[in-house]
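An overview of the molecular structure
Below, each chain spelled out in residue letters.
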Amino acid sequence: MAAAAQEGHAGSVRVDSWIWCVRLTKTRSLAAAACRAGHVRVNGERVKPAQAVRPGDEVRLHHAGRERIVVVSKVLNKRVGAAVAADCFVDNSPPPPPREEVLALGLRDRGTGRPTKRDRRELERLRLHGSARPGGGA
């Protein structure tokens, strides 16, 4: 009987639940919040958390500073292990930035204490890749 209940959900599932089940986000509430904020697109359109996804749909998720582009190959209504989850979608995402560049951006020497206002502004300018105004103003 339980197998028949799962068969009924095999056609489609909520997008927030699917994103969480295939481990693109850590929690379902984070997936739902991303949908409400407009960071999730299914087939090019922004969606609400209850939008249904089916096999063949393209899901774009902007999360944790990068964009994930995946094509649904299987729908799940239950969170599964990482190995099984990897079989449920085709990942077309661009590669993440090299780890060394990400970590080296905001490092400070140990024991230097709290950053001054000037230090903090320099760090923010570096994080924004120089797009901040040079003279400040605030």
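Residues numbered from 1 in each chain as written. Predicted model: local features only at pLDDT ≥ 70, side-chain atom pairs only at ≥ 80, totals over all residues. Heavy atoms only, no water.

1. What about the confidence of the model for the chain?
Residues at a pLDDT of 70 or more form 79% of the chain, whose mean pLDDT is 82. Below a pLDDT of 50 lies the segment residues 1-9, which in the model reaches three contacts outside its immediate sequence neighbourhood of four places, other chains included. (pLDDT = per-residue confidence, 0-100. Contact = heavy atoms within 4.5 Å.)

2. Some remarks on the nonpolar core
Counting residues in each nonpolar core, the largest one holds 24 residues, and the members touching the most others are V15, W18, I19, V22, L24, V40 and V59. Looking at this core, the elements with two or more residues in it are helix 2 (15-21), helix 3 (28-36), strand 2 (40-42), strand 5 (58-63) and strand 6 (66-72). Tallying contributions element by element places helix 2 first for this core, with four residues. Among all residues touching V15, those that are not within four sequence positions of it are C35, V40, V42, V47, K48, P49, Q51 and V53. (Core = buried A, V, L, I, M, F, W, Y, C linked by side-chain atoms within 4.5 Å. Buried < 20%, exposed > 50% of the residue type's maximum accessible area, 1.4 Å probe, protein only. Helix = DSSP H or I, 4+ residues; strand = E, 2+ residues; numbered from the N terminus.)

3. Overview of the pairing of strand 6
As paired elements, strand 5 and strand 6 share six bridges and run antiparallel to each other. Opposite R60, over in strand 6, you have I69 as the bridge partner. What sits between strand 5 and strand 6 in their antiparallel hairpin is a turn of two residues, with A64 showing a positive phi close to 60 degrees. For strand 6 and strand 7 (residues 89-91), the ladder comprises three bridges, and the chain directions are antiparallel. Residue pairing across strands places V70 opposite D91, the latter belonging to strand 7. (Pairing = 2+ DSSP bridges.)

4. A short note on the environment of F89
Within the secondary structure, F89 is located in strand 7. On the accessibility criterion, F89 (13% relative accessible area) is buried. Separated by 32 residues in the primary sequence, F89 and D57 place their C-alpha atoms 9.8 Å from one another. Not counting chain neighbours up to four residues away, the residues in contact with F89 comprise W18, V22, L24, R68, V70, V71 and S73.

5. Considering the pairing of strand 5
Where strand 2 lies against strand 5, three bridges are found, and the strand directions are antiparallel. Bridged to R41 within strand 5 is R60.

6. Regarding the sheet that holds strand 3 (residues 45-46)
Here we have five strands laid out as an open sheet, ordered 3-2-5-6-7, and antiparallel in their pairing. Strands with a single pairing partner mark the edges of an open sheet, and in this sheet they are strand 3 and strand 7.

7. Some remarks on the state of the cysteines
All told, the structure shown has zero disulfides when counted by the stated rule. Cysteine C21 remains unbridged, with the sulfur of C88 as its closest cysteine sulfur at 8.9 Å. Assessed through its relative accessible area of 1%, C88 is described here as buried. (Disulfide = S-S within 2.5 Å.)

8. Notes on the pattern of salt bridges
Pairing between side chains becomes possible if they bear opposite charge and their charged atoms approach one another. Taken as a whole and judged by the stated rule, the model has six salt bridges. Of the charged contacts in the structure, one is a salt bridge between R14 and D16, with a shortest N-O distance of 3.1 Å. Between E124 and R120 there is a salt bridge; the shortest N-O distance is 3.2 Å. One end of the pair is E124 and the other is R120, both in helix 6 (residues 117-127) and four residues apart, which spans about a single turn. Because the salt bridges share partners, they merge into one network encompassing R14, D16 and R28. (Salt bridge = Lys/Arg side-chain N within 4 Å of Asp/Glu carboxyl O.)

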